[in-house]
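Observations on the model geometry
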Amino acid sequence: MDIKVSFGLRVRELRKAKGISQEGLAFDADIDRTYMNSVENGHRNISIRNIEKILKALDIPFSDFFNSSQFQ
């Protein structure tokens, strides 16, 4: 699976598990909602800076985020 798709699926999984809307996550991460949509759909080659923003908004460390079967 493409890394962009894997990343987006993981973001969506964690966002939904926390009961956060896509718009709410985008707001918390200081990222445009349309950008967040393209990230979750695997259409965005996301920068490390924006990865950091999203993971902070999800309150999850890098190691926990990437410790998933989607990245094996």
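Whatever comes next refers back to the structure up there.
Presented here is an overview of the structure given in this document.

Rules used throughout
Residues numbered from 1 in each chain as written. Predicted model: local features only at pLDDT ≥ 70, side-chain atom pairs only at ≥ 80, totals over all residues. Heavy atoms only, no water. Helix = DSSP H or I, 4+ residues; strand = E, 2+ residues; numbered from the N terminus. Rg over C-alpha atoms; globule rule 2.2 N^0.38 Å. Buried < 20%, exposed > 50% of the residue type's maximum accessible area, 1.4 Å probe, protein only. Contact = heavy atoms within 4.5 Å. Areas by Shrake-Rupley, 256 points an atom, 1.4 Å probe, with all protein chains shown as cover. Lys, Arg positive; Asp, Glu negative; His and termini not counted. Charge placed at Lys NZ, Arg CZ, Asp CG, Glu CD. Salt bridge = Lys/Arg side-chain N within 4 Å of Asp/Glu carboxyl O.

Side note on the overall build of the protein
Broken down by element type, the protein carries five helices and zero strands. The linear arrangement of helices and strands in the protein, starting from the amino end, is α-α-α-α-α. For a compact globule of 72 residues, the expected C-alpha radius of gyration is about 11 Å, and the protein comes in at 11 Å, within 12% of that figure. With the C-alpha coordinates aligned to their principal axes, the bounding extent of the protein is approximately 30 × 20 × 20 Å. When the 72 residues of the protein are sorted by exposure, 40% land in the buried category. A separation of at least 24 residues holds for 57% of the contacts in the protein among residues at least 6 apart in sequence. Total accessible area on the protein stands at roughly 4400 Å², and carbon and sulfur atoms take up 48% of it. The centroid of the 11 positive side-chain charges in the protein is displaced by 3 Å from the centroid of its 10 negative side-chain charges.

A look at the environment of lysine 16
Tracing the sequence through the fold places lysine 16 in helix α1 (residues 3-17). Given a relative accessible area of 56%, lysine 16 falls into the exposed group. C-alpha separation for the pair lysine 16 and arginine 49, spaced 33 residues apart in sequence, amounts to 22 Å.

Considering the pattern of salt bridges
Under the defined criterion, the tally for this structure stands at five salt bridges. Linking arginine 10 and glutamate 13 is a salt bridge whose minimum nitrogen-to-oxygen distance equals 3.2 Å. Separated by three residues within a single helix, arginine 10 and glutamate 13 lie in helix α1, roughly one turn from each other. For arginine 12, the salt bridge is made with glutamate 40, and the minimal N-O distance between the two is 3.2 Å. Residue arginine 12 is located in helix α1, and its partner glutamate 40 is located in helix α3 (residues 33-40); the two are separated by 28 residues in the primary sequence. By relative accessible area, arginine 12 is classed as partly exposed at 22%.

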